[in-house]
Amino acid sequence: MALASLKSANLPKSRIVTYKSFDGTLVSAIVTMPFNLKRDGTNPAILLPHGGPTGQSTDGFNRTATALASRGYIVMQPNVRGSTGYGQAFQNANYQDLGGGDLRDVIAGKKFLIESGYVDPAKVGITGGSYGGYMTLIALAKTPQEFAAGAQLFGIINWLSMYETSDALLRQYLISLLGDPVKDRKVYQSNSPITYIRNIKAPLLSLQGDRDIRVPRGQAEEVAAILAQIGTPNDTVFYADEGHGFAKRENQIDSLKRVIDWFDRHLKAGKPQ
């Protein structure tokens with residue numbers, strides 16, 4: 001195993017934290033801290049929401065969080081409403097409200113980091129894959145003042161088109177999140193990043209599988225075209241023969257390097273913007 005060569009003593013340490021969101025809801029998160037960090041309000045941070053949304057970040061090895069923390073970023077993996085492991089009511093709390101309360105949970109996590117005294121409010125980014133990619137897109141589009149840069153991997157851009165191209169099982173899952181696509185069409189639209197995409201101001205990196213049948217490459221192409229049209233810095237990379245998630249080790253490594261380089265360029269002081 002590749003992990004056998006890693007010594008735990010050399011890895012950035014993580015801890016479980018709990019913070020209050022906008023409505024008093026308690027949100028659990030995993031925070032990974034770089035070594036020897038000064039508590040002077042100058043450090044960059046990155047929010048890393050998980051996929052799903054019916055998933056959960058746990059206090060174990062996460063290569064993205066570890067790689068970013070080892071390069072000086074405080075990384076928070078928030079288990080926002082809609083996550084599993086905190087009861088059925090919490091899991092159902094984002095029904096027909098994707099990019100609503102869950103996004104506000106993410107922003108409350110950012111506020112928690114800033115109030116810790118470690119983080120510069122102007123140096124906070126967001127990244128994630130699949131639903132985490134969706135959260136990155138909706139965060140940059142609906143709350144453009146909150147994040148200085150984003151990197152989304154195979155994120156959902158348009159719930160309606162995703163429903164139309166999905167298999168029967170996935171369609172039922174989307175219905176459980178958003179309702180009936182005909183009767184609740186406006187919900188699908190209001191919960192989709194494409195509705196707000198022209199508001200994005202922060203630089204956005206998009207990484208996409210060329211053969212992704214769940215989130216087809218056309219969605220990422222559409223976002224890139226719109227951002228180029230409005231003058232928002234962006235870069236889009238397609239990986240040949242990859243689907244919804246990258247299976248090849250070389251692409252896993254390349255995509256992680258690209259995410260790190262993107263945040264180094266746009267969040268760290270002294271780097272060209």
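Below is a short write-up of the structure. The written sequence of each chain sets the order in which its residues are numbered from 1. A pLDDT threshold of at least 70 governs which residues receive local features in this predicted model, and a stricter bar of 80 or more applies before side-chain atom pairs are shown or counted, although totals over entire chains, interfaces and linings include all residues. Here the side-chain values reflect all heavy atoms present in the structure, with hydrogen atoms and water set aside.

## Considerations on the packing of aromatic side chains
- Put simply, two rings from Phe, Tyr or Trp (the six-membered ring, in Trp's case) pair if the centres are within 6.5 Å, and we call them stacked under 30 degrees between planes, edge-to-face over 60, tilted for the rest. For the coordinates displayed, the defined rule picks out 9 aromatic pairs.
- By the ring-pair criterion, three or more aromatic residues cluster together here, those being Tyr131, Tyr134 and Trp159.
- Just above the ring of Phe22 sits the side chain of Arg104; from NZ or CZ to the centre is 3.7 Å. Criterion for a charge above a ring: Lys NZ or Arg CZ within 6 Å of the ring centre, and within 35 degrees of the ring normal.

## Some points on the nonpolar core
- In plain words, nonpolar cores are sets of buried Ala, Val, Leu, Ile, Met, Phe, Trp, Tyr and Cys residues tied together by side-chain atoms within 4.5 Å. Think of it in three bands: residues with accessible area under 20% of the maximum for their type are buried, residues over 50% are exposed, and the middle band is partly exposed, with areas taken using a 1.4 Å probe on protein chains only. Counting residues in hydrophobic clusters, the biggest one holds 51 residues, and the most contacted among them are Leu47, Ile74, Met76, Leu113, Tyr134, Phe147 and Trp159.
- Residue contributions to this core peak at 8 residues, all from helix α4 (residues 131–142).
- What Leu47 contacts, discounting residues up to four positions off in sequence, is Met76, Pro78, Val106, Lys110, Leu113, Val124, Gly125, Ile126, Thr127 and Phe147. Working definition: helices are DSSP H or I runs of at least four residues, strands are E runs of at least two. Numbering for both runs from the N terminus. Any pair of residues with heavy atoms lying within 4.5 Å of one another is described as a contacting pair.

## Points about the sheet that holds strand β1 (residues 13–20)
- With respect to topology, 8 strands assemble into an open sheet ordered β1-β2-β4-β3-β5-β6-β7-β8, the strand pairing being mixed. Here the strands that pair on one side only, and so sit at the sheet edges, are β1 and β8 (234–239). Neighbour-to-neighbour, the strand axes of the sheet open up by a mean angle of 20 degrees, direction not taken into account.
- Note: two strands are recorded as paired if DSSP finds a minimum of 2 bridges between them. Where β1 lies against strand β2 (residues 26–33), 8 bridges are found, and the strand directions are antiparallel. Pairing of Val17 across the sheet is with Ala29, part of β2.
- Lines fitted to the C-alpha atoms define the axes, with helices restricted to the stretch that makes contact. Angles between their N-to-C directions range from 0 to 180 degrees. Along the sheet face, helix α3 (residues 101–115) touches β1, β2, β3 (43–47), β4 (74–79) and β5 (119–129) and points at about 115 degrees away from the line of β1.
- Against the sheet, helix α9 (residues 249–267) makes contact with β3, β5, β6 (149–153), β7 (204–209) and β8, and its axis sits at roughly 165 degrees relative to β6, the strand it touches most.

## Concerning the pattern of salt bridges
- Here, a salt bridge means any Lys or Arg side-chain nitrogen found within 4 Å of an Asp or Glu carboxyl oxygen. Using the criterion set out here, one finds 9 salt bridges in the structure.
- The salt bridge involving Asp241 is made with Arg211; its shortest N-O contact spans 3.3 Å. Taken together, the residues Asp241 in the loop between β8 and α9 and Arg211 in the loop between β7 and α8 (217–230) connect sequence positions 30 residues apart.
- Classification of Arg211 as exposed rests on a relative accessible area of 59%.
- Between Glu221 and Arg217 there is a salt bridge, and its shortest N-O distance comes to 2.7 Å. Of this pair, Glu221 and Arg217 both sit in helix α8, 4 residues apart, which is roughly one turn of the helix.
- The network of salt bridges with shared partners includes Asp23, Arg81 and Asp105.

## Brief notes about the environment of Lys123
- Mapping Lys123 onto the fold places it in strand β5.
- Judged by relative accessible area, Lys123 falls into the buried class, the value being 16%.

## Re the packing of α3 against α4
- Relative to each other, α3 and α4 sit at 80 degrees, their axes nearing to 10 Å. As the angle between them shows, α3 and α4 are arranged roughly perpendicular. Every residue of α4 that contacts α3 at Asp102, Leu103 and Val106 is listed here: Tyr131, Met135, Ile138, Ala139 and Lys142.
- Each residue belonging to the contact of α3 with α4 can be placed in one class, and the counts come to 6 nonpolar, no polar and 2 charged. Roughly parallel means an angle under 35 degrees; roughly antiparallel, over 145; roughly perpendicular, 65 to 115; everything else is oblique. Here the term charged refers only to Asp, Glu, Lys and Arg, the term nonpolar to Ala, Val, Leu, Ile, Met, Phe, Trp, Tyr, Cys and Pro, and the term polar to all other amino acids, Gly among them.

## Here we look at unusual backbone geometry
- A cis geometry characterises the amide bond from Gly52 onward to Pro53, with omega recorded as 15 degrees.
- Here Pro53 shows up in the loop between β3 and α1 (63–69).
- The phi dihedral of Phe154 is positive, around 40 degrees, even though this residue is not glycine.
- Along the chain, Phe154 turns up in the loop between β6 and α5 (159–165).
- With phi around 65 degrees, Asp241 is a residue other than glycine that occupies positive phi space.
- Look at Asp241 and you get partly exposed, because its relative accessible area is 45%.

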